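Close look at the chain arrangement
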Amino acid sequence: AQSVAQPEDQVNVAEGNPLTVKCTYSVSGNPYLFWYVQYPNRGLQFLLKYITGDNLVKGSYGFEAEFNKSQTSFHLKKPSALVSDSALYFCAVRDFVDSSASKIIFGSGTRLSIRP
Amino acid sequence: EAGVVQSPRYKIIEKKQPVAFWCNPISGHNTLYWYLQNLGQGPELLIRYENEEAVDDSQLPKDRFSAERLKGVDSTLKIQPAELGDSAVYLCASSFPTGETETQYFGPGTRLLVL
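Below you will find a few notes about this structure. Because the structure is predicted, anything quoted here is derived from the model rather than measured.

Considering the pattern of salt bridges
Residues and elements named next belong to chain A. Scanning the model with the defined rule gives 7 salt bridges over all chains in all. For lysine 77, the salt bridge identified is with glutamate 66, shortest N-O distance 3.1 Å. Note that lysine 77 is positioned in strand S9 (residues 73-78) and glutamate 66 in strand S8 (residues 64-68), a separation of 11 residues in sequence. Residue lysine 77 is classed as partly exposed on the basis of its relative accessible area of 28%.

Here it is as structure tokens:
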């Protein structure tokens with residue numbers, strides 16, 4: 001079965017500095033990977049996804065993620081953090097139950113805190 | 001374009017009472033999901049619909065939870081009777097099925113507190 005791990009419960013970064021939120025995955029086939037962000041009292045918002053092609057995926061709000069097959073990682077990055085980026089971030093992988101069905105498995109989340 | 005709509009946003013009930021949550025997906029989205037999100041954790045799938053058919057309800061506790069999507073649009077998730085451990089956020093999501101690459105769009109969730 002597919003799984004995804006977010007090894008850090010919390011990441012603290014100063015505003016203006018680069019940020020990285022880590023994610024590793026385990027899949028039996030081709031990985032389909034996603035990043036979502038959740039602001040307080042709101043639902044999850046889609047940031048970006050990797051299906052195939054270029055290993056560097058660009059998404060919303062200036063975020064990007066780098067797919068690394070050899071390290072089975074899909075880390076989320078941003079060159080310059082903003083205080084407004086403070087939120088809960090979820091990595092997710094598509095789990096293929098069978099040929100006709102699939103579901104997304106979410107990681108446990110990483111709380112990103114950007115200090116002014 | 002309107003997003004996924006959920007109501008109510010908050011609900012407080014006593015244990016053993018019934019409760020229902022409503023979801024209206026994005027127009028044209030055939031696939032609808034209900035997730036359970038406990039505090040500090042990622043969402044966990046409860047049930048997934050393709051139009052009006054429940055194609056994956058393996059994680060739905062069927063002794064007390066039920067769901068329906070009668071006309072393939074709106075959906076209702078019900079708990080009867082509610083238990084203390086059901087306190088959580090219930091998220092609804094929808095997607096337009098494009099196969100493996102489909103992106104799910106989430107509503108704001110219903111925060112349930114069972115006393």
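Still more to cover.
Here we look at the interface of chain A and chain B
Residue-level contacts link 22 residues of chain A with 22 residues of chain B. Both sides of the chain A and chain B interface together cover about 1,700 Å² of buried area, and 49% of this is carbon and sulfur. Counting the contacts that link chain A with chain B gives 0 salt bridges. Linking chain A to chain B there are 3 residue pairs in polar contact (both at pLDDT 80 or more). Among the secondary structure elements, those contributing two or more residues to the side of chain A that touches chain B are strand S5 (33-38), strand S6 (44-50), strand S10 (87-98) and strand S11 (101-106) of chain A. Counting residues per element, the side of chain A that touches chain B draws most heavily on S11 of chain A, which supplies 5 residues.

Examining the sheet that holds strand S3 (residues 19-24) of chain B
Residue and element names in this part refer to chain B. Sheet architecture is open: 4 strands sit in the order S1-S3-S8-S7, paired in antiparallel fashion. The outermost strands of the open sheet, each flanked by one partner alone, are strand S1 (5-7) and strand S7 (65-68). Each strand of the sheet is rotated relative to its neighbour by a mean of 15 degrees, with strand direction disregarded. Across 4 bridges, S7 lies against strand S8 (residues 75-79) in antiparallel orientation. Across the sheet, residue phenylalanine 65 finds its bridge partner in S8, namely isoleucine 79.

Comments concerning the side chain of glutamine 37 of chain B
Its location among the elements puts glutamine 37 of chain B in strand S4 (residues 31-37). Looking at glutamine 37 of chain B, its side chain comes within polar contact range of the side chain of glutamine 38 of chain A, at 3.0 Å. Excluding residues that lie within four positions of it along the chain, glutamine 37 of chain B makes contacts with Gln38, Leu44 and Phe90 of chain A together with Gly42, Pro43, Ala88, Val89 and Leu91 of chain B.

Digging into the nonpolar core
Counting 27 residues, the largest nonpolar core has Leu19, Trp35, Leu47, Leu48, Phe74, Leu76 and Tyr89 of chain A as its most contacted members. For this core, the elements supplying multiple residues, two or more each, are strand S2 (10-14), strand S3 (19-21), S5, S6, S8, S9, S10 and strand S12 (110-115) of chain A. Broken down by element, this core gets its largest block of residues, 4 residues, from S10 of chain A. Not counting residues within four places of it along the chain, the set of residues in contact with leucine 76 of chain A comprises Leu19, Thr20, Val21, Trp35, Leu47, Leu48, Phe63, Glu64, Ala65 and Tyr89 of chain A. With 22 residues, the next largest nonpolar core counts Cys23, Ile26, Ile47 and Leu77 of chain B among its residues.

Things to note about the state of the cysteines
Enumeration over the complete set of coordinates arrives at 2 disulfides over all chains. Paired through a disulfide, cysteine 23 of chain A and cysteine 91 of chain A show a sulfur-sulfur distance of 2.0 Å. On the sign convention where negative is left-handed, the bridge of cysteine 23 of chain A and cysteine 91 of chain A, at about -65 degrees about the S-S bond, is left-handed. Of this pair, cysteine 23 of chain A sits in the loop between S3 and strand S4 (24-26) while cysteine 91 of chain A sits in strand S10, and the two are 68 residues apart along the sequence. For cysteine 23 of chain A, a relative accessible area of 0% puts it in the buried group. Between cysteine 23 of chain B and cysteine 92 of chain B runs a disulfide, and the two sulfur atoms are separated by 1.9 Å. What sets the handedness of the cysteine 23 of chain B and cysteine 92 of chain B disulfide is the S-S torsion sign, and at about -70 degrees it is left-handed.

Thoughts on the environment of proline 116 of chain A
Residues and elements named next belong to chain A. Assignment of secondary structure puts proline 116 in the segment after S12. When the C-alpha atoms of proline 116 and serine 60 are compared, they prove to be 22 Å apart, with 56 residues separating the residues in sequence. With residues near it in sequence (within four places) discarded, proline 116 still touches Glu15 and Val83.

Quick look at the environment of glutamate 83 of chain B
Residues and elements named next belong to chain B. Checked against the element boundaries, glutamate 83 lands in the loop between S8 and strand S9 (88-95). Overall, the relative accessible area of 42% leaves glutamate 83 in the partly exposed class. The spacing of glutamate 83 and glutamate 14 is 69 residues in sequence and 8.4 Å in space, taken between C-alpha atoms. Once residues within four sequence positions are removed from consideration, glutamate 83 is found in contact with Arg64 and Val114. Looking at glutamate 83, its side chain comes within polar contact range of the side chain of arginine 64, at 3.3 Å.

About the thresholds
Residues numbered from 1 in each chain as written. Chains lettered and ligands numbered in written order. Predicted model: local features only at pLDDT ≥ 70, side-chain atom pairs only at ≥ 80, totals over all residues. Heavy atoms only, no water. Salt bridge = Lys/Arg side-chain N within 4 Å of Asp/Glu carboxyl O. Helix = DSSP H or I, 4+ residues; strand = E, 2+ residues; numbered from the N terminus. Buried < 20%, exposed > 50% of the residue type's maximum accessible area, 1.4 Å probe, protein only. Contact = heavy atoms within 4.5 Å. Buried area = accessible area lost by both parts, 1.4 Å probe. Polar contact = N/O pair within 3.5 Å; in protein donor to acceptor, adjacent residues only side chain to side chain. Pairing = 2+ DSSP bridges. Axes fitted to C-alpha atoms, helices over the stretch in contact; angles between N-to-C directions. Core = buried A, V, L, I, M, F, W, Y, C linked by side-chain atoms within 4.5 Å. Disulfide = S-S within 2.5 Å.

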